[in-house]
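Descriptive structure summary
Chain by chain, the residues run as shown.
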Amino acid sequence: MEDNSQQINDVFANFRRIGIAYRNATSRQLNDMHITHEQCALLYLIEQSDMTQKEIAQKLKISEATLSGRVKRLEKMHYIERVQDQNDKRKYDLFITPSGKKALDEAKSIVDRLSKQCFEGFDDQDFALLMSLFQRVYKNLEKMKGENACSD
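Residues numbered from 1 in each chain as written. Predicted model: local features only at pLDDT ≥ 70, side-chain atom pairs only at ≥ 80, totals over all residues. Heavy atoms only, no water.

1. Here we look at the overall build of the protein chain
Looking only at helices and strands, the protein chain has 6 helices and 2 strands in total. Helices (α) and strands (β) of the protein chain occur, in sequence order from the N terminus, as α-α-α-α-β-β-α-α. Whereas a compact globule of 152 residues would reach a radius of gyration of roughly 15 Å, the protein chain reaches 20 Å, over 25% beyond that. Expressed as lengths along the three principal axes of its C-alpha atoms, the size of the protein chain is roughly 65 × 40 × 25 Å. Taking all 152 residues of the protein chain together, the buried fraction comes to 18%. The contacts of the protein chain with a sequence gap of at least 6 include a subset with a gap of at least 24, amounting to 43%. Of the roughly 11,700 Å² that the protein chain leaves accessible, carbon and sulfur atoms contribute 52%. The averaged location of the 24 negative side-chain charges in the protein chain is 5 Å from the averaged location of its 24 positive side-chain charges. (Helix = DSSP H or I, 4+ residues; strand = E, 2+ residues; numbered from the N terminus. Rg over C-alpha atoms; globule rule 2.2 N^0.38 Å. Buried < 20%, exposed > 50% of the residue type's maximum accessible area, 1.4 Å probe, protein only. Contact = heavy atoms within 4.5 Å. Areas by Shrake-Rupley, 256 points an atom, 1.4 Å probe, with all protein chains shown as cover. Lys, Arg positive; Asp, Glu negative; His and termini not counted. Charge placed at Lys NZ, Arg CZ, Asp CG, Glu CD.)

In structure tokens:
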């Protein structure tokens, strides 16, 4: 059996480099709007779903205290409103405001443009190959986990 440890390490190193470079590029662009990538993700979840703050924190893989800080900052920016639940006074519902919707739409446009630039020069065949390879890696990870499939 061939030892391809270095190749595997190189692949994972490139995954990390791509992730960091993409994150930095989006952060620079979003910084001009005075909004962070994390705040955009939170705005998106608030706009798209009817999740509780606890569920949002779980989805974003952050603590409820961290989420609370983000909510307060977005509220100060007038991007979201917190409204006390009529049935449970301990609970607050989050709603995106018109200015929050506008900021989110602008941020989505920036992220879409940067994402397209990442794959400039790729054709359908390139995408098909890339997806096929990622799916093979994912299936191998699922096999390692046994009965419990990897969760997204």
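That was the structure; now back to the text.
2. Quick look at the pattern of salt bridges
Going through the model one piece at a time under the given rule, you end up with 6 salt bridges. Notably, a salt bridge pairs Asp93 with Lys91, separated by 3.8 Å at the nearest N-O pair. Here the salt bridges share partners, and the residues they tie into one network are Glu47, Lys101, Asp105 and Lys108. (Salt bridge = Lys/Arg side-chain N within 4 Å of Asp/Glu carboxyl O.)

3. Concerning the packing of helix α2 (residues 37-48) against helix α5 (residues 98-118)
Where α2 contacts α5, the axes come no closer than 10 Å and their chain directions differ by 120°. Viewed along their axes, α2 and α5 adopt a mutual orientation that is oblique. Helix-helix and strand crossings are classified by hand; for α2 and α5 the assignment is left-handed. For the pair α2 and α5, contact is made by Cys40, Leu43, Tyr44, Glu47 and Gln48 and by Gly100, Lys101, Leu104, Ala107 and Lys108, respectively. (Axes fitted to C-alpha atoms, helices over the stretch in contact; angles between N-to-C directions. Parallel < 35°, antiparallel > 145°, perpendicular 65-115°, else oblique. Left-handed = near helix turned anticlockwise from the far one by under 90°.)

4. A short note on the side chain of Thr97
Within the secondary structure layout, Thr97 lies in the loop between β2 (92-96) and α5. Residue classification places Thr97 among the buried positions, given a relative accessible area of 9%. At 2.6 Å, the side chain of Thr97 and the backbone oxygen of His78 are in polar contact. Other than its neighbours up to four places away in sequence, Thr97 contacts His78, Tyr79, Ile80 and Glu81. (Polar contact = N/O pair within 3.5 Å; in protein donor to acceptor, adjacent residues only side chain to side chain.)

5. Re a nonpolar patch on the surface
Together, Ile8, Val11, Phe12, Phe15, Met131 and Phe134 make up a nonpolar patch on the protein surface, roughly 540 Å² of accessible area in all. For the nonpolar patch, the elements supplying multiple residues, two or more each, are α1 (5-31) and α6 (124-145). Within the element layout of this structure, Ile8 appears in helix α1. (Patch = residues over 30% accessible without salt bridge, like charges linked within 9 Å, V, L, I, M, F, W, Y side chains within 5 Å.)

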